[in-house]
Amino acid sequence: MKKYDLIREGNLFRIIALKDFSNVKKGDLGGVVENRNNLGQQGNCWIHENAKVTGKAEVRGDAEVSGNAYVSGNAEVTGNAKVCGNAEVSGNAEVSGDAKVYGNALVLNTGFFN
């Protein structure tokens, strides 16, 4: 069974929980995504109400994006990672494991150092 579905909001989609998991209850509205690939159906990953994930960015595993956080580009937020506050993760950046990115932090990997 899917854990969330999408509701169109302009050019983006708001996520809505279809079942209870972690601290999310069935019917809870989450953040906005550009497409279904932005949020995994497995694990307890979630994008909370004011957060946004766009482009080819992915949130998977038990990761959470909350507050006014924005994840974009090819960025990945996985594992138990948390991106919150006004933080932004973009480009080819990866936030994983138990990492926490918060406040006004900017995590960006443009490939310059690769």
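Before reading on, note that the structure itself is shown above.
Cut-offs used in this document
- Residues numbered from 1 in each chain as written.
- Predicted model: local features only at pLDDT ≥ 70, side-chain atom pairs only at ≥ 80, totals over all residues.
- Heavy atoms only, no water.
- Helix = DSSP H or I, 4+ residues; strand = E, 2+ residues; numbered from the N terminus.
- Rg over C-alpha atoms; globule rule 2.2 N^0.38 Å.
- Salt bridge = Lys/Arg side-chain N within 4 Å of Asp/Glu carboxyl O.
- Buried < 20%, exposed > 50% of the residue type's maximum accessible area, 1.4 Å probe, protein only.
- Contact = heavy atoms within 4.5 Å.
- Core = buried A, V, L, I, M, F, W, Y, C linked by side-chain atoms within 4.5 Å.

Peer 1: Could you give me a rundown of the overall build of the protein, with the residues and numbers involved?
Peer 2: Assigned secondary structure in the protein consists of zero helices and 14 strands. For the protein, the N- to C-terminal ordering of α and β elements is β-β-β-β-β-β-β-β-β-β-β-β-β-β. Since a compact globule built from 114 residues should have a radius of gyration of about 13 Å, the 13 Å found for the protein is in line with a globular shape. In terms of overall dimensions, the protein has a C-alpha envelope of 40 × 30 × 25 Å along the principal axes.

Peer 1: Can you tell me about the pattern of salt bridges, naming the residues and giving the values?
Peer 2: Taken as a whole and assessed by the stated rule, the structure comprises six salt bridges. Residue Lys2 pairs with Asp5 through a salt bridge whose shortest N-O separation is 3.7 Å. Among the residues examined, Asp5 registers a relative accessible area of 25% and is labelled partly exposed. Here the salt bridges do not stand alone but share partners, grouping Lys2, Asp5 and Arg36 into one network.

Peer 1: Lay out the side chain of Ser90 in plain terms, naming residues and giving numbers.
Peer 2: Structurally, Ser90 is set in strand 11 (residues 88-91). With near-sequence residues (within four places) excluded, Ser90 lies in contact with Ser72, Ala75, Val107, Leu108 and Asn109.

Peer 1: Run through the nonpolar core, naming residues and quoting values.
Peer 2: Formed by 29 residues in total, the largest nonpolar core has its most connected members in Ile47, Val59, Val71 and Val83. Only strand 1 (4-9), strand 2 (12-17) and strand 4 (46-47) provide two or more residues apiece to this core. Top contributing element to this core by residue count: strand 2, with three residues. When sequence neighbours within four positions are dropped, the list of residues in contact with Val59 reads Asn38, Leu39, Gly40, Cys45, Trp46, Ile47, Val53, Val65 and Val77.

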